[in-house]
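Listed below are the residues making up each chain.
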Amino acid sequence: MERDLNFKKLVKMLIRNLSLMILGGIVCATGLVFFSTVSQDYKMVKKVYLVFDMQKPEEEDLTVRKNSYFDAYQNLYKSNLSWTSEELSQEEKSRVGSVSVEVANSMYTITVTLPDGDSLENDEMIFDKLIQESENWMKEKYRDDSLSVEILSEETIVSQSGDDKMIKAVLGFVVGAVLVAGVLFVIFVSDKKIRTIDDVNYYLNKDCLGIVEKNAGINDLRECILLSESTVWGITGVKTHTSKTKIAQTLSEKMSAVGKKVLYISMEPKNKKELFTRAVELDEILEKELSDVQKICVSDWSKIEQIVYSSQFERFMQLAKSKYDCVIVDVVSLKEDSISKKIISLCDDNILGLPIGELDGEDVVECVDQLSKLNIKMAGVALSKMDAKRRIVRF
């Protein structure tokens, strides 16, 4: 079963996690700028002019010959002169990263990329050697064409490749934000936890009776019970830490506050007797007539199976139903003990407590389906924020 998705939910999720996207963008941008600075190269740019004097222009069209010389010079650099130049030592050749040339009329813009270092002056000398070698190459290549070659060069311009830090920072931020958004989308699509009323309706096809946060939402549950004809209500959960005990206790107090005669029964082994003022032990109350007690708890959990499956317990539940306006039973979690199913089967109706964002919908569906097969009533679900864990990613 896949989670019900729509564009509105996705946009809402991304907006809620905007801070994570911004943080991802900042981290990616910082990393990109940092590593580009660590491995920073710099470029030397020199503009040169190819000047030549042909003594026999009448033998061939001047423009055609000029273009052939310019193309030859450009191809010279495209073949990377630094690797063939005899003017450069092996160490100097290893310094040169790449050589590129652009031509406009008779002006050539030559760019040499060199690794970062402290030998800027020496690198300028390497560049000058490249220019000189290119001049020698032209003179040698066209010496039979009555061609006199001279190269005029402008001052070398040095630029750090880190000058585009802003571009890299912006690019890194965008990439980081998009990556985080992608990860959030994958998590969102694959997430099957029950978080909203829509999730309850989708997975369980049950009503969400209220969203409980401290005292908020309990009044919705109280209204549900007041409007119902059921008297004995079981409050249970799929697993532990589902806030069911807090819901049951607060619901009992709220029902008492509106003048109802309420009996609270704790069938949860983790609830100690001393937590309940004037609480009566269940095995004791079964041995005597039910009086006007308000709270009952289990004294010895090792005897609970014997108690729950006894005819005395069934009679006790019927008697409690006749003597009280409302009976709230805090039932042990469904997956924690099979006895829970027997207890809630004796209740008129039940409420399933679910902490928001803690349980997979498929796990809850499995439990609810089991209850349905046993003909156990389930009035609906109470979503609880009281035990919900705080998460970095928000849905």
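Everything below is about the structure printed above this text.
What you see is a predicted model; the values in this text were computed from it and never measured.

A. Geometry of the overall build of the protein. Each helix and strand counted, the protein has 15 helices and 13 strands in total. Within the span of the protein, comprising 395 residues, buried residues form 43% of the whole. For the protein, restricting intrachain contacts to residue pairs at least 6 apart in sequence, the fraction spanning at least 24 positions comes to 79%. Accessible area for the protein stands at about 21,500 Å²; split by element, carbon and sulfur atoms hold 51% of it.

B. Here's a closer look at helix α6 (residues 120–141). In this model α6 runs 32 Å from its N-terminal to its C-terminal C-alpha over 22 residues, within 8% of the 32 Å that 1.5 Å per residue would give. Residues of α6 that are buried: Asp123, Ile126, Phe127, Leu130, Ile131, Glu133, Ser134, Glu135 and Met138.

C. Seen up close, the sheet that holds strand β7 (residues 232–237). Sheet architecture is open: eight strands sit in the order β6-β13-β12-β7-β11-β8-β10-β9, paired in parallel fashion. Edge strands, defined here as strands with exactly one partner in the open sheet, are β6 (208–212) and β9 (280–281). Across the face of the sheet, helix α9 (residues 218–227) comes into contact with β6, β7, β11 (326–331), β12 (349–355) and β13 (380–384) while running at roughly 150° to β6. Sheet strands touched by helix α10 (residues 244–257): β6, β7, β8 (262–267), β11 and β13. Its angle to β11, the strand with the most contacts, is close to 170°.

D. Quick look at the nonpolar core. The biggest cluster of nonpolar side chains holds 48 residues, and the ones touching the most others in it are Leu204, Met267, Leu282, Phe316, Val329 and Leu354. Residue contributions to this core peak at five residues, all from helix α15 (residues 361–373). Setting aside chain neighbours within four positions, we find Leu204 in contact with Ile194, Asp199, Leu354, Val364, Val365, Val368 and Val381. By size, the runner-up hydrophobic cluster in this structure holds 22 residues, among which are Val48, Tyr73, Val101 and Leu114.

E. Fine view of the packing of aromatic side chains. All told, the structure shown has two aromatic pairs when counted by the stated rule. Considering the side-chain rings of Tyr202 and Tyr203, the 5.3 Å spacing of their centres and the 75° angle between planes classify their relative orientation as edge-to-face. Look at Tyr203 and you get buried, because its relative accessible area is 5%. Ring centres of Phe313 and Phe316 lie 6.1 Å apart, and the angle between their planes is 35°; on these two criteria the pair is classed as tilted. Taken as a pair, Phe313 and Phe316 lie in helix α13 (residues 311–323) at a separation of three residues, close to a single helical turn.

F. Up close: the side chain of Asp349. Its place among the elements puts Asp349 in strand β12. Buried Asp349, no salt bridge; nearest opposite-charge side chain is Lys377, N-O distance 5.9 Å. One polar contact links the side chain of Asp349 to the main-chain amide nitrogen of Ala379, over a distance of 3.0 Å. Apart from residues no more than four positions distant in its own chain, Asp349 is found in contact with Ser230, Val232, Trp233, Gly234, Lys377, Met378 and Ala379.

G. A nonpolar patch on the surface, seen in detail. On the surface, a nonpolar cluster with roughly 720 Å² of combined accessible area is contributed by Leu18, Ile22, Ile26, Met166, Val170, Phe173, Val174 and Val178. Within the residue set of the nonpolar patch, elements represented by two or more residues are α2 (18–38) and α7 (165–190). Here the element with the most residues in the nonpolar patch is α7; it accounts for five residues. With respect to the helices and strands, the residue Val174 is situated in helix α7. Judged by its relative accessible area of 44%, Val174 is partly exposed.

H. Just α7, in detail. Compared with the 38 Å implied by 1.5 Å per residue over 26 residues, the 37 Å span of α7 between its first and last C-alpha is a close match. Taken residue by residue, α7 has Gly172, Gly176, Ala177, Val180, Ala181, Leu184 and Phe188 as its buried positions.

I. Highlighting unusual backbone geometry. If you check the backbone angles, Asn205 has positive phi at about 55° while not being a glycine. Relative to the helices and strands, Asn205 resides in the loop between α8 (197–204) and β6. Unlike most non-glycine residues, Asn375 shows phi in positive territory, near 60°. Note that Asn375 resides in the loop between α15 and β13.

What counts as what
- Residues numbered from 1 in each chain as written.
- Predicted model: local features only at pLDDT ≥ 70, side-chain atom pairs only at ≥ 80, totals over all residues.
- Heavy atoms only, no water.
- Helix = DSSP H or I, 4+ residues; strand = E, 2+ residues; numbered from the N terminus.
- Buried < 20%, exposed > 50% of the residue type's maximum accessible area, 1.4 Å probe, protein only.
- Contact = heavy atoms within 4.5 Å.
- Areas by Shrake-Rupley, 256 points an atom, 1.4 Å probe, with all protein chains shown as cover.
- Expected span 1.5 Å × (residues − 1).
- Pairing = 2+ DSSP bridges.
- Axes fitted to C-alpha atoms, helices over the stretch in contact; angles between N-to-C directions.
- Core = buried A, V, L, I, M, F, W, Y, C linked by side-chain atoms within 4.5 Å.
- Phe/Tyr/Trp six-rings, centres within 6.5 Å; stacked < 30°, edge-to-face > 60°.
- Lys, Arg positive; Asp, Glu negative; His and termini not counted.
- Salt bridge = Lys/Arg side-chain N within 4 Å of Asp/Glu carboxyl O.
- Polar contact = N/O pair within 3.5 Å; in protein donor to acceptor, adjacent residues only side chain to side chain.
- Patch = residues over 30% accessible without salt bridge, like charges linked within 9 Å, V, L, I, M, F, W, Y side chains within 5 Å.

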